[in-house]
Amino acid sequence: MKLNKIFNLFRAFFSSNSPLVVLILMIILSSLIFPNFLTRLNICAIVKQYSIIGFLALGQLLVLITGGIDLSQGSMVAFTSIVVAVLMEPCGIFISVTVAIISSTFLGFINGFLVSRTKIPPFVVTLGMLSIVRGLALTISNTKPISINNDIFIQFGKETVFNVPLIFIVWIIASIILHLYINRRKMGCYIYATGGSEESARLSGVNVRRVKLFVYTLCAFLAAIGGVIWAARLRSGSPIGGSGYELESIAAVLVGGGSLFGGVGSILGTLAGVLTFGVINSSLNMAGISPYWQGTLKGIIIIIAVVISQIRLLRRDRN
Amino acid sequence: MNNTQPIIKLEKITKSFSGNVVLNNIDFDLYPGEVHCLVGENGSGKSTMIKIISGAYQADSGKITYLGKTYVHLTPRWAKENGINTIYQEIDLVPSLNVAQNISLGSETINRWGNIDRNFIVKKSKDILDDMGMEIDLTIPVGNQKIAHQQMVGIAKALWLKSRVIILDEPTAVFARSEINSLFEIIRRLKKQGIAILYISHHLEEVFEIGNRVTVLRDGNLVRSGKIDEFDKSSLVKAMVGREIDLSRKKGRACVNSNELFRVEKLIRKDVIKDISFSINCGEIVGVAGLVGAGRTEMARCLVGVDHIDGGNFFLRGKKVRINSPNQALKMGIGMMPESRKEEGLVLERMMGENIAFSLVEKINKMGFVPWSKVKIRVKELISSINIRPSNPLIQVQFMSGGNQQKVVLAKLMAARCNLLIMDEPTRGVDVGARSTIYKLMQQLKADGKGILMISSDMPEILTQADRILIMAKGKIVGELSCKEATEEKILSYAFQLNRK
Amino acid sequence: MSRTSFWQKFRELLSFENISLFRVTLIFLLMIFIAAVLSNGVFLQLENLLNIVKQNTILIIVSLGQLLVIIIAGIDLSVGSVLALSSVNFVIFQDFGLVPAICLSLLISLAIGFINGLLVTYGRLPAFVVTLASSLVVTSVAMVVSKGGTIKHSLSGIKLDDKISEFFKGSIFGVPYPVIIFIFILLIIEFFLRTRIGHFTYAVGGNEKAAIISGIPVNKVKIIIFMVASTLAGIGGVIFVLRVGLGNPQTGGNIPLDSIAAVSIGGASLAGGIGTVPGTIIGVFTLSTLSNILNILNVSPSLQYTFKGIVILMAVYLNSFKKE
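Every chain is numbered on its own, with residues counted from 1 as its sequence reads. Think of it this way: whatever chain is written first is A, whatever ligand is written first is 1, and the rest follow in order. Reporting in this predicted model follows two pLDDT cut-offs: at least 70 for local features of residues, and 80 or more for side-chain atom pairs to be given and counted; totals over whole chains, interfaces and linings ignore these cut-offs and use all residues. Side-chain metrics rest on all non-hydrogen atoms present in the structure, leaving aside hydrogens and water.

1. What to know about the overall build of chain B
A run of H or I in DSSP counts as a helix once it spans at least four residues, and a run of E counts as a strand once it spans at least two, with each numbered from the N terminus. The number of helices and strands found in chain B is 17 helices and 20 strands. Seen through its C-alpha atoms, chain B measures out along the principal axes to roughly 75 × 50 × 45 Å. What makes two residues a contact is simply this: any of their non-hydrogen atoms within 4.5 Å. Put simply, 68% of the contacts in chain B that link residues at least 6 apart link residues at least 24 apart. Element-wise, carbon and sulfur atoms account for 50% of the exposed surface of chain B, whose accessible area totals about 21,500 Å². The distance from the centre of the 71 positive side-chain charges to the centre of the 55 negative ones in chain B is 4 Å. Note on areas: Shrake-Rupley, 1.4 Å probe, and residue coverage restricted to the protein chains presented here. Positive: Lys, Arg. Negative: Asp, Glu. His and the chain ends are not part of the count. Where a charge sits is defined by one atom per residue type, namely NZ (Lys), CZ (Arg), CG (Asp) or CD (Glu).

Set out below in structure tokens:
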């Protein structure tokens, strides 16, 4: 009897937390195949690299839950890094970072505004914004990267606390805050409701417009943080950086249990998804597979993830 | 349970859509603690009336008195906030959220830190469901629950905020007997709490089981209203019927030459069609009558291959055929005029000529190349013979009137030289002039030896145009009448299944 | 009698598509006017105009494919990558001869379109996801094949014949080859739209449910359209090699966005069912003239990138009202 109960508990945990399970399995697999995998150096490298994507994925998760998508994240990262780099010397850390984050967040607000008030599909809005923001970044920086010489700022990118990279800790804290938010606040509930069935949500009195405005703004805010971290890590602002990051964040969210059709997804799953990608990336590098194959892998993963969520949707509708 | 004041009173409510009067000077009242049933045929105005009460529609004239105050218009938001809740057939829940979240959606309780008070919401939801006598797992997403349970959750949602009036629109369409019992238990408890219930249903047994009073609508007029004891089933049906039909206009005649055109045997589609068999001959118009939800449109969709079937056989001129898609059906000469021309019959942004050509082109192309000159000629021929106005084939269909749009749909079927035409509500929303043109065309097609299966809720139409009438109820054919013997009363008594033991 | 036929002709001219084309042409002429004024007439010189046509040949060809996909209410974000892969393929297959190389490249492009179509129809996945994912896969394959850089040598190491790209810069009767190619493709697509499948695209995009009930083989139509779009992108890749003299796995990054912009400016609606070939071509040239104007005004290419994004959003926004 007790064994049955334990077994059922395990099954419940696995099915609702499958991204976590996948991550654990991948870590086990990789550490068996590659002896150097579980070293502190390697783990730190994965974590440092993917913390930026991690921030993007958090924002992308919220947008995807509402049934939308944000293709402009990569450009926002570049834009933010440029603004930070440009303002760092004359204005110092605090002002440059604040101005950068605020301006990127405003661009996200424009995304939200267009998505909520026009019939333009979200992927077109953010695709257009991708161009617009990238162009702004290129213009401000005159197409050349700008180096940053502020030691304190650069140190932030390298700092560790008890051997754990600071950036990673910040990411985890942000994740916890967001997790609490979407599970406890009304807005969090409404984000899921809008994605689950926009019409029903509206009929129930949810202000769908405000929800959409909120998620796109927040998404850009998180992308901006990612851009600041990026600038610290690379010690420069680059107008062509971050290209393709939004696809990584989308793939990470999908692997973490999110769906392009909206309504589902969790912070924990997204964390697992991001780290899973980090593990896969690292393993592929260790195996000596050309980085060019990564695109194929990402593409196939996206397709598989979307197919799975489509199947889940169909199965539910058949009820 | 009877207070002296009605909770809602409608006075001289009138509503028209595009010139058609849908509600005519309706006086109606609803008392707290009563179950007031609203009955009538399809199109009698029931759903318009409840939409006016719930604020979804605004009446053209008349006034509504609610809790003693008089209003001219209501809005859905206002109605909800003030205790008028409507539960429609289309479930308005969010499938990915769980039961408790759905029940409280939009009006969540917050604790002192500004967070959603989950415990309170779960507890209150559970209390509501317990009061309703329902045992549902609160943690599963609503989309995974049975439809009947989803409907109950919809009712629970109406009870989350204080409700004074609950309107139920065909709630038991998909319920099994045990679920109907549960629903009625809930209704009885709600009655005790003094809540007024407006209940619309085609199932007369239910009306007699749960109703206190009943009101009959016909063609937008209130025909009779009174306590349920004053009626029995047949008097109710009689009240729903009773218009003057000019029998001399009957065009139907018994089919003498019996070349069978199409036969259906034991058609089954899970949950929707439960064994249908019938045949239709060349040069015959077969009408299909029945209430909403009887499965007529679903059957039509199976016949043209839009929906897949779970069992049954089709025979075209005696030969067994499989119909897997409308494309196949069209090639065999079977075409459908769908119930909703705007959503399923026409491509509104395209031109009339293009729309007519869509079905035609599929049949007269050689290796993918379309003889456009021939197509244009044929299209122009059809436009003039059907008298479609305006006659310019370059006009976008969305700018045409309903009647002419329907003619375009008919032109499509004729262009493709269909031998079996399945028409679902051919004259719904169509003006009188276009209507008579369509009837003339149908008679002509019949004379040319085509077969027409005409699904209709319009009694005069079915009685005057059809040679034979099949009546469907609950996914089966429950009766057949020849044009000679058919009367409205007989049709309805089959449709309401009054002769069931 | 001649009066009524005159009015009839006039009424025929007023079909809604012609009115939309009229608006699009007006905007285009406005652009040309501004460009001519700003450049003191230099813009209108024949050499300049021919140049513009030559530069936009590839975009026109790809945009026509994108037009078809947009008419069926889809979108194809993989056209850029398919073009890149096709350019790489064309070079490496030179061993088999010029014509076989072209055929092989186009065949591969066709296959990619087929897979796109399959996933969208039977997989029931949204077009933008499918083509986004396939663009990732295709680009990565192109990178692997070309080992990350541009490519001039075929599989067995033969260098791409310089004579080929020279030949392409020539002309017949004064009409440059690229122009001939684009007119040819234009005619083919116009012709295609008058075939059975082409006619159906408007129905499939305009109202899919109605298309199904009308007996149109919707899935077949969609798959064919994706195949056509990818093949056109493949042709673009071949022309790219002919113009530039090498294959580049990373080219075509702007193509998806540019083609969507051109199609939208040309009056098509992303919701499907509306759009024309002349409109798309005018859209391409309008976009190009706009770039020219910005160049004359000394707007940096970076800022032009921003402009393009704004233009796309505006065009899509204005067209989003065409369908209720």
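2. Points about the overall build of chain C
Check the secondary structure of chain C and you find 14 helices and 2 strands. Taking the principal axes of the C-alpha coordinates as reference, chain C spans close to 70 × 55 × 40 Å. Counting across all 324 residues of chain C, residues that qualify as buried make up 60%. For chain C, contacts bridging at least 24 residues in sequence account for 78% of all contacts bridging at least 6. Total accessible area on chain C is roughly 13,700 Å²; 69% of this is exposed by carbon and sulfur atoms. Think of it in three bands: residues with accessible area under 20% of the maximum for their type are buried, residues over 50% are exposed, and the middle band is partly exposed, with areas taken using a 1.4 Å probe on protein chains only.

3. A look at the sheet that holds strand E11 (residues 260-269) of chain B
All names here are of chain B. Sheet architecture is open: 4 strands sit in the order E12-E11-E14-E15, paired in antiparallel fashion. Bordering the open sheet on either side are strand E12 (273-281) and strand E15 (319-321), each of which pairs with just one other strand. Each neighbouring strand pair of the sheet contributes to a mean axis angle of 20°, computed without reference to strand direction. Strand pairing is defined by DSSP finding a minimum of two bridges between the two strands. Sheet topology places E11 next to strand E14 (residues 311-316); 5 bridges connect them, and they run antiparallel. Looking across to E14, one finds that valine 264 is bridged to phenylalanine 314. For every element, the axis is a line fit to its C-alpha atoms; helices are fit only across the contacting stretch, and the angle between N-to-C directions ranges from 0 to 180 degrees.

4. Details of helix H12 (residues 267-286) of chain A
All names here are of chain A. By definition here, a helix of n residues has an expected span of 1.5 Å times n minus one. An ideal rise of 1.5 Å per residue puts 28 Å on 20 residues; H12 measures up with 29 Å between its terminal C-alpha atoms. For H12, a buried count of 16 out of 20 residues is recorded, marking the element as mostly surrounded by other parts of the structure. In protein, a polar contact means a hydrogen-donor-capable atom and an acceptor-capable atom, both N or O and within 3.5 Å, with residues adjacent in sequence counting only if both atoms are side-chain atoms; elsewhere, any N or O pair within 3.5 Å suffices. The N-terminus of H12 is capped by serine 266, whose side-chain oxygen sits 3.0 Å from the backbone nitrogen of glycine 269.

5. Topic: the interface of chain A and chain B
The interface of chain A with chain B comprises 19 residues on the first partner and 23 residues on the second. Values labelled buried area give the accessible surface lost by two parts on being combined, using a 1.4 Å probe and summing over both. Surface buried jointly by chain A and chain B totals about 1,800 Å² across both partners, of which 52% is contributed by carbon and sulfur atoms. Here a salt bridge means any side-chain nitrogen of Lys or Arg lying within 4 Å of a carboxyl oxygen belonging to Asp or Glu. Summed over the shared surface of chain A and chain B, the number is 0 salt bridges. Our count for the contact surface shared by chain A and chain B stands at 8 residue pairs in polar contact (both at pLDDT 80 or more). The element contributing the most residues to the side of chain A that touches chain B is helix H8 (residues 186-196) of chain A, with 6 residues. For the side of chain A that touches chain B, the class distribution of residues is 7 nonpolar, 8 polar and 4 charged. Classification used: nonpolar for Ala, Val, Leu, Ile, Met, Phe, Trp, Tyr, Cys and Pro, charged for Asp, Glu, Lys and Arg, polar for all others including Gly.

6. Comments concerning the packing of aromatic side chains
Here is the rule: rings of Phe, Tyr and Trp (six-membered ring for Trp) pair when centre to centre is within 6.5 Å. Planes less than 30 degrees apart are stacked, more than 60 are edge-to-face, and the remainder are tilted. Counting across every chain of the model gives 11 aromatic pairs over all chains. Each ring, one from phenylalanine 123 of chain A and one from phenylalanine 128 of chain C, has its centre 4.4 Å from the other, and the planes form 5°; the classification is stacked. With phenylalanine 123 of chain A in helix H5 (residues 122-141) and phenylalanine 128 of chain C in helix H6 (residues 127-145), this residue pair bridges two chains. The buried category is assigned to phenylalanine 128 of chain C, whose relative accessible area is 15%. Linked through ring pairs, Tyr66, Tyr71 and Trp78 of chain B together constitute an aromatic cluster. Criterion for a charge above a ring: Lys NZ or Arg CZ within 6 Å of the ring centre, and within 35 degrees of the ring normal. Over the ring of tryptophan 113 of chain B we find arginine 112 of chain B, and its NZ or CZ is 4.7 Å from the ring centre. Looking at arginine 263 of chain B, its charged tip hangs above the ring of phenylalanine 315 of chain B, at a distance of 4.4 Å from the centre.

7. A look at the pairing of strand E17 (residues 420-424) of chain B
Residue and element names in this part refer to chain B. Here E17 lies mainly inside the structure; 5 of its 5 residues are buried. Neither face of E17 is open: one carries Leu420, Ile422 and Asp424, the other Leu421 and Met423, and all of them are buried. Alignment of strand E16 (residues 334-337) against E17, held across 4 bridges, turns out to be parallel. The partner of methionine 337 across the bridge, within E17, is methionine 423. Relative to strand E18 (residues 451-455), E17 runs parallel, the two being bridged by 5 bridges. Of the residues in E18, the one forming a bridge with isoleucine 422 is leucine 453.

8. Here's the deal with the pattern of salt bridges
Taken as a whole, this structure holds 26 salt bridges over all chains when the rule is applied. Arginine 188 of chain B is paired through a salt bridge with glutamate 185 of chain B; the nearest N and O atoms lie 3.4 Å apart. Pair noted here: arginine 188 of chain B and glutamate 185 of chain B are both in helix H6 (residues 177-192), with a separation of 3 residues, about one helical turn. One salt bridge connects aspartate 258 of chain C with lysine 308 of chain C, and the closest N-O pair in it is separated by 2.8 Å. In this pair, aspartate 258 of chain C sits in helix H12 (residues 255-265) while lysine 308 of chain C sits in helix H14 (residues 301-319), placing the two residues 50 residues apart along the sequence. Each of Glu198, Glu199, Arg202 and Lys212 of chain A takes part in one network of salt bridges that share partners.

9. Notes on the side chain of serine 283 of chain A
Residue and element names in this part refer to chain A. Tracing the chain through its elements places serine 283 in helix H12. With relative accessibility at 11%, the residue serine 283 sits in the buried group. In this view, serine 283 contacts Ser30, Phe34 and Phe37; residues no more than four positions away in its chain are not counted.

10. Focus: the confidence of the model for chain C
Reading fine detail from the predicted coordinates is not recommended where pLDDT is low. pLDDT is a per-residue confidence score from the predictor, ranging from 0 to 100. Counting all residues, the mean pLDDT for chain C is 87, and 91% of those residues have values of 70 or more. Highest mean pLDDT in chain C belongs to helix H5 (residues 98-121) of chain C (95); lowest belongs to helix H1 (residues 2-13) of chain C (60).

11. Some words on the interface of chain C and chain A
At the interface, 37 residues of chain C touch 35 residues of chain A. When chain C packs against chain A, the two sides together hide about 3,100 Å² of surface, and 82% of this comes from carbon and sulfur. At the junction of chain C with chain A, the criterion picks out 7 residue pairs in polar contact (both at pLDDT 80 or more). Sorting the residues of the side of chain C that touches chain A by element identifies H6, H12 and H14 of chain C as the ones contributing at least two each. Looking at the side of chain C that touches chain A residue by residue, the class counts come to 25 nonpolar, 8 polar and 4 charged.

12. Concerning the environment of glutamate 349 of chain B
Residue and element names in this part refer to chain B. Looking at where glutamate 349 falls in the secondary structure, it is placed in the loop between helix H11 (341-345) and helix H12 (352-364). What makes glutamate 349 buried here is its relative accessible area of 5%. Note: C-alpha distance between glutamate 349 and phenylalanine 120 (229 residues apart in sequence) is 51 Å.

13. Points about the packing of helix H6 (residues 151-158) of chain A against helix H10 (residues 208-234) of chain A
Residues and elements named next belong to chain A. Taken N-terminus to C-terminus, the directions of H6 and H10 make an angle of 100°; their axes are 7 Å apart at the nearest point. With respect to their mutual orientation, H6 and H10 come out roughly perpendicular. Taking contact as the criterion, the partners of Phe153, Ile154, Phe156 and Gly157 in H6 are, on H10, Val228, Ile229, Ala231, Ala232 and Arg233. Broken down by class, the residue content of the contact of H6 with H10 amounts to 7 nonpolar, 1 polar and 1 charged. Between 65 and 115 degrees an angle is taken as roughly perpendicular, under 35 as roughly parallel, over 145 as roughly antiparallel, and anywhere else as oblique.

14. A few points about the pairing of strand E10 (residues 221-227) of chain B
All names here are of chain B. In this sheet, E10 lies alongside strand E9 (residues 213-218) in antiparallel orientation, the contact comprising 6 bridges. Its bridge partner being in E10, arginine 213 is matched across the sheet by lysine 227. What sits between the antiparallel neighbours E9 and E10 is a turn of 2 residues, in which aspartate 219 has the positive phi angle 55°.

15. Section: helix H11 (residues 245-255) of chain A
Because an α-helix completes one turn every 3.6 residues, residues spaced three or four positions apart along the sequence face the same direction. Residue and element names in this part refer to chain A. Among the 11 residues of H11, 9 are classified as buried, and the element is accordingly described as predominantly covered. Every buried residue of H11 is accounted for by Glu246, Leu247, Glu248, Ser249, Ile250, Ala251, Ala252, Val253 and Leu254. Phi for glycine 257, located one or two positions after H11, is positive at around 100°.

16. Examining the packing of helix H2 (residues 18-33) of chain A against H12 of chain A
Residues and elements named next belong to chain A. Relative orientation of the contacting elements H2 and H12 amounts to 20°, with a least axis distance of 8 Å. The angle between H2 and H12 falls in the class roughly parallel. Of the two elements, H2 crosses H12, and the hand of that crossing is left-handed. When H2 is examined against H12, the residues Pro19, Leu20, Val22, Leu23, Met26, Ile27 and Ser30 are found in contact with a partner set consisting of Gly269, Ala272, Leu275, Thr276, Val279, Ile280 and Ser283. When grouped by side-chain class, the residues that make up the contact of H2 with H12 number 10 nonpolar, 4 polar and no charged. Two helices that cross are described as forming a left-handed crossing if the nearer one is turned anticlockwise from the farther one by less than a right angle, and a right-handed crossing if clockwise.

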